[in-house]
Every structure is written in structure tokens, then in C-alpha cells.
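Spelled out from the first residue to the last, the chains are:
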Amino acid sequence: MSEQTDLEGWLAERAIYGWLGKLPEELVDAPPDLIKRWKALSRRAKAVAEKRFSPRKVDEAKAVERDRAAIIQEAKDRKR
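Owing to the predicted nature of the structure, the values given are computational and were not obtained by experimental measurement.

J.: Break down the overall build of the protein chain for me, with residues and values.
T.: Counting its secondary structure elements, the protein chain contains 3 helices and 0 strands. When its helices and strands are written in sequence order, the protein chain yields α-α-α. By principal-axis analysis of the C-alpha atoms, the protein chain measures approximately 40 × 35 × 15 Å. The buried share of the protein chain, reckoned over its 80 residues, is 24%. Nonlocal contacts in the protein chain, meaning residues at least 24 apart in sequence, comprise 51% of its contacts between residues at least 6 apart. Summing over all exposed atoms, the protein chain offers an accessible surface of approximately 6000 Å²; the carbon and sulfur share of this is 55%. Here the protein chain contributes 19 positively and 15 negatively charged side chains, and the mean placements of these two sets differ by 5 Å.

Rendered as C-alpha cells:
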């Protein structure tokens, strides 16, 4: 696949699913509160991505990734 095609696919996925991409399998049947948190995190991820590069942006991006992992883990824990 070409780099251009990959980029177009990536952009299309974000347009459909939000900035974090397609909903992970763990969240497909998750309770509404987790879905709302995922959507809010997706908006926050977009805002961070649009910021100018700085140490603060890096810290915020790491925080988004930690929160993403926490939401997915919570969904897994609730399914048990």
C-alpha cells in the first residue's frame, strides 16, 4: 500500500470514528458512561494533536494514552 493510501485511510477512519480511531473491541458492548468517556477523550486527543509541539504537548499526549488504556482496562474489568 502506498503512503498516500495509508494516510487517506487514516484520515477517513478519524472522520468516521473520531480522533482515537475505531472503537476497540473491549468497548463495543460497554456501558454508556465508558462510551461517553471515550468520546470526550477523543475530543481531547484531537485538541492535543492540533497544538504546537512543546514539552507540554508531549505530556498531554502521554496523559491521553494513559486515559485510553484506563478506559479499555475498565471495560475489560466490567465484562468479567
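J.: Just give me the short version of the environment of I35, but keep the residues and values in it.
T.: Of note, I35 is situated in helix 2 (residues 32–50). Separated by 36 residues in the primary sequence, I35 and I71 place their C-alpha atoms 9.0 Å from one another. Beyond its immediate stretch of four places on either side in the chain, I35 contacts L23, L27 and A30.

J.: I'd like to hear about the nonpolar core, residue by residue, with values.
T.: Among soluble globular proteins, nonpolar side chains are generally buried collectively. Counting 12 residues, the largest nonpolar core is built from L20, L27, A30, L34, W38, L41, A45, V48, V64, I71, I72 and A75. Elements that contribute at least two residues to this core include exactly helix 2 and helix 3 (55–79). Sort the elements by how many residues they give to this core and helix 2 lands first, with 5 residues. If we skip the residues at most four places from it in the chain, L34 touches L27, I71, E74, A75 and R78.

J.: I'd like to hear about the side chain of E60, residue by residue, with values.
T.: Within the fold, E60 resides in helix 3. Contacts of E60, omitting those with residues within four sequence positions, involve V48 and K51.

J.: Before we move on, could you go through the packing of helix 2 against helix 3 and cite the residues and values that matter?
T.: For the pair helix 2 and helix 3, interaxial distance at closest approach is 10 Å and the crossing angle is 165°. Between helix 2 and helix 3, the crossing angle belongs to the class labelled roughly antiparallel. For helix 2 against helix 3, the interelement crossing comes out left-handed. Here helix 2 contributes D33, L34, R37, W38, L41, R44, A45, V48 and A49 to the contact with helix 3, which in turn contributes K57, E60, A61, A63, V64, D67, R68, I71, I72, E74, A75 and R78. Looking at the contact of helix 2 with helix 3 residue by residue, the class counts come to 12 nonpolar, no polar and 9 charged.

Reading the values: the criteria
- Residues numbered from 1 in each chain as written.
- Predicted model: local features only at pLDDT ≥ 70, side-chain atom pairs only at ≥ 80, totals over all residues.
- Heavy atoms only, no water.
- Helix = DSSP H or I, 4+ residues; strand = E, 2+ residues; numbered from the N terminus.
- Buried < 20%, exposed > 50% of the residue type's maximum accessible area, 1.4 Å probe, protein only.
- Contact = heavy atoms within 4.5 Å.
- Areas by Shrake-Rupley, 256 points an atom, 1.4 Å probe, with all protein chains shown as cover.
- Lys, Arg positive; Asp, Glu negative; His and termini not counted.
- Charge placed at Lys NZ, Arg CZ, Asp CG, Glu CD.
- Core = buried A, V, L, I, M, F, W, Y, C linked by side-chain atoms within 4.5 Å.
- Axes fitted to C-alpha atoms, helices over the stretch in contact; angles between N-to-C directions.
- Parallel < 35°, antiparallel > 145°, perpendicular 65-115°, else oblique.
- Left-handed = near helix turned anticlockwise from the far one by under 90°.
- Nonpolar A, V, L, I, M, F, W, Y, C, P; charged D, E, K, R; others polar.

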